[in-house]
Amino acid sequence: MHPIVNLDQLDYDTPDRPAAFAARLAPVAARIGARQLGYRVTELAPGARAWPFHSHFANEEMFFVLEGTGVLRMGSQRLPIRSGDFIAAPTGGAESAHQIINTSDQVLRYLCVSTMIEPEVALYPDSGKFGALAGVAPGGNLALRRLNHFGHLRDAADYWEGEGAA
């Protein structure tokens, strides 16, 4: 395994999900041998978001905007983001819930970094749901399993239901 990969060498996947959550994902961590941190590059088309508005109780995340502009939903705030921004998403409840939205007419691309603690519990404030998961921590190698971002089977009943465009 080679410990280096360049942005231009990444392989993107487009998971099957509702249009509001259209994202292209490029796993990085497993490809270069990471063990305790997960990372991937996420690419959002104009108007898209990658995940429902959510918070983690076990894992902290960090995002670095590589290209483009958009909005960060963080707790009750909506904050503009742009290329070069670092974003902290600490653990916690609704106050630390987060979501990146591409509000521009150009691609928004960002690096996601996460601790890899399992099991995880996630809160989805828009729908009032919780998710408990094990087997794939944020940033883990989803290509090895038929699971979505939070470890649910891709066909899990109502995972996306109620996770609209709030």
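Residues numbered from 1 in each chain as written. Predicted model: local features only at pLDDT ≥ 70, side-chain atom pairs only at ≥ 80, totals over all residues. Heavy atoms only, no water.

Undergrad: Describe in detail the environment of P15, supporting the description with residues and values.
TA: Its place among the elements puts P15 in the segment before β1 (23–27). Along the chain, P15 and L25 lie 10 residues apart, while their C-alpha atoms are 7.9 Å from each other. (Helix = DSSP H or I, 4+ residues; strand = E, 2+ residues; numbered from the N terminus.)

Undergrad: If you had to explain a nonpolar patch on the surface to someone new, which residues and values would you point to?
TA: A cluster of nonpolar side chains, F57, V121 and F130, forms an exposed patch at the surface whose accessible area comes to about 300 Å². Considering the arrangement of structural elements, one finds F130 in strand β11 (residues 129–133). (Patch = residues over 30% accessible without salt bridge, like charges linked within 9 Å, V, L, I, M, F, W, Y side chains within 5 Å. Areas by Shrake-Rupley, 256 points an atom, 1.4 Å probe, with all protein chains shown as cover. Salt bridge = Lys/Arg side-chain N within 4 Å of Asp/Glu carboxyl O.)

Undergrad: Explain the sheet that holds strand β8 (residues 98–101) to me, and be specific about the residues and the numbers.
TA: Strands sit in the order β6-β5-β8 across an open sheet of 3 strands; the sheet is antiparallel. Bordering the open sheet on either side are β6 (77–82) and β8, each of which pairs with just one other strand. Sheet twist, expressed as the mean angle between neighbouring strand axes with direction ignored, is 25°. In this structure, strand β5 (residues 69–74) lies alongside β8, joined through 4 bridges in antiparallel fashion. When the sheet's bridge partners are listed, R73 is paired in β8 with Q99. (Pairing = 2+ DSSP bridges. Axes fitted to C-alpha atoms, helices over the stretch in contact; angles between N-to-C directions.)

Undergrad: Would you mind going over unusual backbone geometry in detail, with residue names and values included?
TA: E118 connects to P119 through a cis peptide bond whose omega is -5°. Positionally, P119 belongs in the loop between β9 (108–115) and β10 (120–124).

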